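# Chains, contacts and geometry: an overview
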Amino acid sequence: MAAIEIPPLNFAALLPLLIVVFTGLAVLILDLFIADKRSLGWISLIGVLLAGVAGSMQQGLAGFNPAFQSVAIVDGYAHFFNLIFVVAAALSILVALGYLGRVGLQKGEYYVLLLFSTAGMMVMAAATDLMVVFLGLETMSIALYIMAALDRKRQTSGEAGVKYFLMGSFSSAFFLYGVALVYGATGSTNVNTIGQVLSGGGQGPLALLGLGLMLIGFAFKVAAVPFQWWTPDVYHGAPTAVTTFMSVGAKAAGFAAMIRVLMVSFSPAFTLNWQPALVVLAVLTMTLGNIAALAQKDVKRMLAYSSIAHAGYIFVGVAAGTAEGVSAALFYLMVYAFMNTGAFAVVGALEKKNHIGTKLSEYAGLHGRSPWLAAAMAVFLFSLTGFPPLAGFWGKLYLFRAAVNANLTWLAVVAVINSGVAVYYYFGVIVQMYMKPAEDGQAAFPGINIATKLALTVAAAATVLIGLAPGSIIAMAISGIFG
Amino acid sequence: MPVDYLPILILILVAAAFAVIALVVPFYLGPRNPTKVKSDTYESGKLPYGDARRQVPVHYYMVAMLFMMFDIEVVFLYPWAVIFRQLKVFGLLEMGVFIAILLTGYIYIWKKGALEWN
């Protein structure tokens, strides 16, 4: 019998992923023997940061590093998304360190699942094979389903877990069916090969149908209208430390895989087919997200709808279908990682046991009770609104400019009007914090955990600093575009 | 060529006809005399008790899930064992990593008491 040739496996290219996975396994075992679960959080944080360092060291090496027989590629694009996932995971761990203990949920499983989920996200960003995209998608999602139900004794958390699981598996099925049809049309599941075959022309309806089903799968994951029904209940019902992570991480990972598939496999042959679909998704997602957010009386639920609206803004950049649009979407996701985790960190810091303390009226007079917390929340909300000179402003500017340059001026106008609508509900919180007196019976603020303070400081500093000097992150986002 | 698929069409027709005949002919020719025992639910010859719609301990699902996992492990182990010599040290290391990851999960479920049956 002939000797089996071992294919070259580029383990080094996947170093950040491997670090995250092995930290996860280590924390899983340590969880059994360590009673103080907070130390698990700090270990996880070190692991995540190490993965970030490993990733940025690789970035210096540049170039394209195909790994595992071209099912994954570690390029500037994957690096950039890895950085977003590291930011989201690290900030969420810091939020959790303060939050979980206070609401009586200090479980080691949170950190384990967060690390495994992060690994899945990294796989999604680096994958160049649709089956591997699916693998990453499931690794990420299954961990998130369990995390959503972490507070399983509370009904809303259990509901969040079940709802997310049912909807998520349903959308995974859509995605998988799409992959099967695309495979049928092109004879490959490799993103690059599909692109070459489709550019040759001839494969019409079947590939198009596959693309449509895959888009539905992705739209579920990034919470785009009309596939957003699960989002408010899941984001609101899940423990805040979990919402912090999934509102940023899962969205970024969904966009990571979607943009690569659209831009590499289905461009330029099918650009004219998917562009109108994305434009419709963008308009619906922005408008419905913002209008529904207007009516919310609960800050956590309002932020859930706001995260739907932000997915819409990012769709504006993706719908442009240009390199500029992609880099704008990348930049926005990075900015969003800081400002959204920051906003949820404040929600988590104010929350008491049994999911109490997220109502808008309970933010009244926060300025008097805890001026720094109120100031941090104001920074995040101003940035989410898109006020200059904060990071969110530049993010929106680049997204909308990309749309204008792609002859989608009207789409940019719709997006700007939507940003105007959003001012109303973001400012509602600021008005409560600064202009309303605290309600009777609102106890003085108990003080914030050091880890939460750290998370808030980092997120707020990044939101301000990226706003003042967006250049370096933009340069990174531009280098993140694949050839 | 569509004509190449003709045998498949014929096969479909034959299969459909067989199913129809097997159902219709006994319906008219066969004697019918049902008793309570005959129309009872049949499951491997065990006597049925109670309704199917009752609560089942969640533990059954845990055990089923764990069984699946370690069953799949064996699915990977068999082909590996067959070409073990050709894969050399590389194969040994890869399988070591695979088993180590599964073992981590095993230690976890064991310590967590998922294997206890009360």
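Another aspect to go through is the overall build of chain A. Helix and strand counts for chain A stand at 19 helices and 2 strands. Taking 483 residues into account, the globule formula puts the C-alpha radius of gyration at 23 Å, and chain A, at 21 Å, falls close to it. For chain A, the residues scored as buried account for 60% of the 483 residues in total. Sequence separation of 24 or more characterises 80% of the internal contacts of chain A that already satisfy a separation of 6 or more.

Take the overall build of chain B next. Helix and strand counts for chain B come out as 3 helices and 0 strands. The C-alpha atoms of chain B give a radius of gyration of 26 Å, which is well past the 13 Å a tight globule of 118 residues would have. Seen through its principal axes, chain B has C-alpha atoms that stretch 65 × 55 × 25 Å. Per-residue burial over chain B gives 0% buried out of 118 residues.

Taken residue by residue, the interface counts 9 residues in chain B and 8 residues in chain A. Of the residues in the side of chain B that touches chain A, the class split is 6 nonpolar, 2 polar and 1 charged.

Packing of helix H1 (residues 15-33) of chain A against helix H3 (residues 84-112) of chain B brings their axes to within 10 Å, and their N-to-C directions diverge by 25°. Judged by the inter-axis angle, H1 of chain A sits roughly parallel to H3 of chain B. Judged by the sense of rotation from one axis to the other, the crossing of H1 of chain A with H3 of chain B is left-handed. Contact residues: Leu25, Leu28, Ile29 and Leu32 of chain A in H1 of chain A; Ile101, Thr104, Ile107, Tyr108 and Lys111 of chain B in H3 of chain B. When the residues that make up the contact of H1 of chain A with H3 of chain B are grouped by side-chain class, the tally is 7 nonpolar, 1 polar and 1 charged.

All right, on to the environment of Leu384 of chain A then. Residue and element names in this part refer to chain A. The residue Leu384 is located in helix H15 (residues 371-385) in this model. Owing to 29 C-beta atoms within 10 Å, Leu384 belongs among the buried residues under this scheme. Here the alpha-carbon distance between Leu384 and Leu181, two residues 203 residues apart in the chain, equals 39 Å. The residues touching Leu384, leaving out its near neighbours within four places in the chain, are Ser306, Met339, Ala343, Gly392 and Tyr426.

With that out of the way, let us pick up the packing of helix H4 (residues 108-126) of chain A against helix H10 (residues 240-265) of chain A. Residue and element names in this part refer to chain A. Taken N-terminus to C-terminus, the directions of H4 and H10 make an angle of 15°; their axes are 8 Å apart at the nearest point. Compared by their axis directions, H4 and H10 come out roughly parallel. Both H4 and H10 take part in a crossing whose hand is left-handed. Along its contact with H4, which presents Tyr110, Leu114, Ser117, Thr118, Met121, Met124 and Ala125, the element H10 presents Ala241, Phe245, Gly249, Ala253, Ala256 and Ala257. Residue composition of the contact of H4 with H10, grouped by class: 10 nonpolar, 3 polar and no charged.

What counts, and at which threshold
Residues numbered from 1 in each chain as written. Chains lettered and ligands numbered in written order. Predicted model: local features only at pLDDT ≥ 70, side-chain atom pairs only at ≥ 80, totals over all residues. Helix = DSSP H or I, 4+ residues; strand = E, 2+ residues; numbered from the N terminus. Rg over C-alpha atoms; globule rule 2.2 N^0.38 Å. Buried ≥ 20, exposed ≤ 12 C-beta atoms within 10 Å, placed from the backbone. Contact = placed C-beta atoms within 7 Å. Nonpolar A, V, L, I, M, F, W, Y, C, P; charged D, E, K, R; others polar. Axes fitted to C-alpha atoms, helices over the stretch in contact; angles between N-to-C directions. Parallel < 35°, antiparallel > 145°, perpendicular 65-115°, else oblique. Left-handed = near helix turned anticlockwise from the far one by under 90°.

Take it as geometry only, folks, not as evidence of what the structure does.
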